[in-house]
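Notes for the structure review
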There are 2 protein chains.
Amino acid sequence: MATISDVAKLSGLSKTTVSRVINNHPYVSKDKRAQVYEAMEQLGYSPNPAARRLRGQITTTIGVIVPKIVNPFFSHLVNAIEQTAYQKGYQVLIFQSYEDKNKEIAFLNLLKTRQVDGIILTSIENKWEVVADYQQYGPMILCNDYINQNTVPMIRLDQAKGAFLGIEHLIKQGHQKIAYCTGGLFDEEGKGKDRNNGFQKAMTQSGVNVNPQWIFIDQHSIEDGRDVLRQLLEMTNRPTAIFTGSDEVAAGVIMEAKKNGLTVPRDLAVVGFDDQPLAQIVEPNLTTIRQPVNLMGTKASERMIQMIEEPHFKPEHEQLPIELVVRSST
Amino acid sequence: MATISDVAKLSGLSKTTVSRVINNHPYVSKDKRAQVYEAMEQLGYSPNPAARRLRGQITTTIGVIVPKIVNPFFSHLVNAIEQTAYQKGYQVLIFQSYEDKNKEIAFLNLLKTRQVDGIILTSIENKWEVVADYQQYGPMILCNDYINQNTVPMIRLDQAKGAFLGIEHLIKQGHQKIAYCTGGLFDEEGKGKDRNNGFQKAMTQSGVNVNPQWIFIDQHSIEDGRDVLRQLLEMTNRPTAIFTGSDEVAAGVIMEAKKNGLTVPRDLAVVGFDDQPLAQIVEPNLTTIRQPVNLMGTKASERMIQMIEEPHFKPEHEQLPIELVVRSST
DNA sequence: TTGTATGCGTTATCAT
DNA sequence: ATGATAACGCATACAA
């Protein structure tokens, strides 16, 4: 590989001048500039990023930590982040935490070691205090996941409203016996807390009781959904509707319901979450919650770059709208 | 950030010794080694990768170029590559070409500028000669996509066999009027050529005619599938079966067929490709071709790392098995 | 077993 | 407007 010295030698100028040309500095005469370009062309020169980093302390690389890239929600999110960043000349490093605390720490360390200029975190695995500590090494944005503090910029969806809309919709349809699935826990704090609150709020507001028997935690896959339905089947007192918090789970519920002779939505109404392609493939088509994933990714990317380039910039928290898509499963 | 000099100063030793400890060199006494660790710990030291790269010319980073990460096939492939690489201490940079020639070139340039130690190419956008040229700058592997030359290591699926199995299956079921969709073109060369050949071979072998009217190119999405079915509907001479080359397209075909009062597989048998989750959600469940994506990713990753670490290693070409999964759409 | 000195490719500082 | 030189953090050849 040609270096800046080679270019300097060939063009008969100094490294400094070449560097000036590369970085579009002023005070370089037209003809010398041309000479340099000529030489760069001839040598097929391109600057060595490692050297630039060592020198300039900037990597033009953003790290994104996601649980799993094979989850369509995150692959779309990453896609939006990446496209936006690319346009602005930034690379995106994608890291999969697999919901593992140690991996998350390992990735956060990239900020410390300056492999990335900033990190976009789409889910939090460790205690927040632990994660927050890394902010001293560079900018960090929470995108999708969030915390109840004001110590880091956040771009997120109004998850509570999402759950609220889904449940409210069911209640309006006359349902009083409503089951609830979450991908997280059913705690005040922790994963899925927001949707839980939205659920609670909608139920309380309409004076509908929450039956703890009908709460299912840690549900993610199609198979999980099938399993939930099997459990429902064994109950003497069954719900008439179920909010699943995931299109996959919803699809599983529906498939298994039909297999067992139930009719959706007559015997059981089902609400999903995400509006993934499969929502329009299950039959009946899924009523679900649509989230503006692309918008969220784009915003996160833009904010991050701004934070990197303007060290004193502190973005506002943002909560993006979310909507109910009514189809035929309710 | 602490540097190696800080560690040297604090431990009262030289940079060299510290460096030796970091890189597990022999000839460092137990106690000095301990001192160094002690100092590193105290300072929260971690080596600066940019400096290491500049010095050592190794990045422990592999680049993967995919068309789109939101395509589940590629997100699973990338996932497998990444997991394997991560275990061996390599990072993976994911690049989306969006099937754009220029983007592909831009990414290949990362090899030239040593941002990555090697590149795994999962699809080829430019002419092969153009791409091949970049091999002089570092190792390259073709994974999934391939060429008819012996100039680069390849790990791929037996796509021809995949298509062959699908078509053969249809013919065995008594079908003679078979439509064919491809995500590429219907040329001897170019995208999808292999599946085309498998299709041709199965047809010819059984003496079944190929009707050019029933060939559809450049089909990818669910919507594309719906569209294909609408076109079929307008024909007076209709096929009795269709091989789609994509589960999404197959799902679209089935959805639209049912919407128009056709029964699958009685009126139209449908074969997909990929065995994605939705294959078990459409009704009837999709007969499809299953590809060992994870295996392919793992192998590509392993081979690449070997090529990086042993400069004279030239991996064998590999063609991975592929299988037919019969469900109820045929 | 340990340390000194040098260079990797770039950019910023200071002269000229 | 242009150039000489130092410095970024690290790893190695060589010396001791």
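Treat the numbers as computed from the prediction; the structure is a model and nothing was measured.

**Topic: the sheet that holds strand 9 (residues 269-271) of chain A**
All names here are of chain A. Judged by pairing direction, the sheet is parallel, and its four strands sit side by side in the order 7-6-8-9 without closing on themselves. In the strand order of this sheet, the two ends are held by strand 7 (215-216) and strand 9, each with one partner. Pairing geometry for strand 8 (residues 241-243) and strand 9, over three bridges, is parallel. Paired with Ile-242 across the bridge in strand 9 is Val-270. Packed on one face of the sheet, helix 11 (residues 247-259) meets strand 6 (178-181), strand 8 and strand 9 and runs near 160° to strand 9.

**Overview of the protein's contact with DNA strand C**
As a structural note, the neighbourhood of DNA strand C is formed by 26 residues, with Ile-4, Asn-48 and Ala-51 of chain A together with Ser-14 and Thr-16 of chain B the closest of them. Broken down by secondary-structure element, the contributors of at least two residues to the surface near DNA strand C are helix 1 (4-11), helix 2 (15-22) and helix 4 (49-56) of chain A together with helix 2 (15-22) and helix 4 (49-56) of chain B.

**Some thoughts on the sheet that holds strand 9 (residues 269-271) of chain B**
Strands in a sheet are paired, the pairing made by backbone hydrogen bonds, and the direction either parallel or antiparallel. Residues and elements named next belong to chain B. Pairing in this open sheet of four strands is parallel, and the strands run 7-6-8-9 from one edge to the other. Here the strands that pair on one side only, and so sit at the sheet edges, are strand 7 (215-216) and strand 9. Helix 11 (residues 247-259) contacts strand 6 (178-181), strand 8 (241-243) and strand 9 of the sheet and is inclined by roughly 160° relative to strand 9.

**Here we look at the domain arrangement of chain A**
As assigned here, chain A comprises domain 1 (4-45), domain 2 (58-157 + 293-320) and domain 3 (159-290). Summarising the inter-unit geometry, the C-alpha centres of domain 2 of chain A and domain 3 of chain A are found 30 Å apart.

**Re the environment of Ser-246 of chain A**
Mapped onto the secondary structure, Ser-246 of chain A falls in the loop between strand 8 and helix 11. Judged by C-beta crowding, with 25 C-beta atoms within 10 Å, Ser-246 of chain A ranks as buried.

**Structural notes on the pairing of strand 4 (residues 140-143) of chain B**
Residue and element names in this part refer to chain B. With burial as the criterion, each face of strand 4 is covered, one bearing Met-140 and Leu-142 and the other bearing Ile-141 and Cys-143. Relative to strand 5 (residues 154-157), strand 4 runs parallel, the two being bridged by two bridges. Its bridge partner being in strand 5, Cys-143 is matched across the sheet by Ile-155.

**Focus: the interface of chain A and chain B**
Contact residues are listed per partner, giving 31 residues for chain A and 31 residues for chain B. Of all the secondary structure elements, the ones that give two or more residues to the side of chain A that touches chain B are helix 4, helix 5 (72-87), strand 2 (91-96), helix 6 (101-112) and helix 11 of chain A. Split into classes, the residues belonging to the side of chain A that touches chain B amount to 16 nonpolar, 10 polar and five charged.

**Details of the protein's contact with DNA strand D**
Taken together, 26 residues form the shell around DNA strand D, and within it Ser-14 and Tyr-27 of chain A together with Ile-4, Asn-48 and Ala-51 of chain B come nearest. Those elements that place two or more of their residues in the surface near DNA strand D are helix 2 and helix 4 of chain A together with helix 2 and helix 4 of chain B. The residue inventory of the surface near DNA strand D, partitioned by class, reads 10 nonpolar, 10 polar and six charged.

**A word on the relation of the copies chain A and chain B**
Overlay of chain A on chain B (RMSD 0.1 Å): rotation 180°, translation along the axis 0.0 Å. Taken together, the rotation and translation describe the operation of a two-fold axis. Judged by C-alpha distance, Ala-50 of chain A is the residue of chain A that lies nearest the rotation axis, at 2.5 Å. A symmetric contact is evident, with 100% of the interface residues of chain A recurring at the interface of chain B.

Rules behind the numbers
- Residues numbered from 1 in each chain as written.
- Chains lettered and ligands numbered in written order.
- Predicted model: local features only at pLDDT ≥ 70, side-chain atom pairs only at ≥ 80, totals over all residues.
- Pairing = 2+ DSSP bridges.
- Helix = DSSP H or I, 4+ residues; strand = E, 2+ residues; numbered from the N terminus.
- Contact = placed C-beta atoms within 7 Å.
- Axes fitted to C-alpha atoms, helices over the stretch in contact; angles between N-to-C directions.
- Near = placed C-beta within 6 Å.
- Domains from an automatic or database assignment.
- Buried ≥ 20, exposed ≤ 12 C-beta atoms within 10 Å, placed from the backbone.
- Nonpolar A, V, L, I, M, F, W, Y, C, P; charged D, E, K, R; others polar.
- Least-squares fit on C-alpha atoms with pLDDT ≥ 70 in both.

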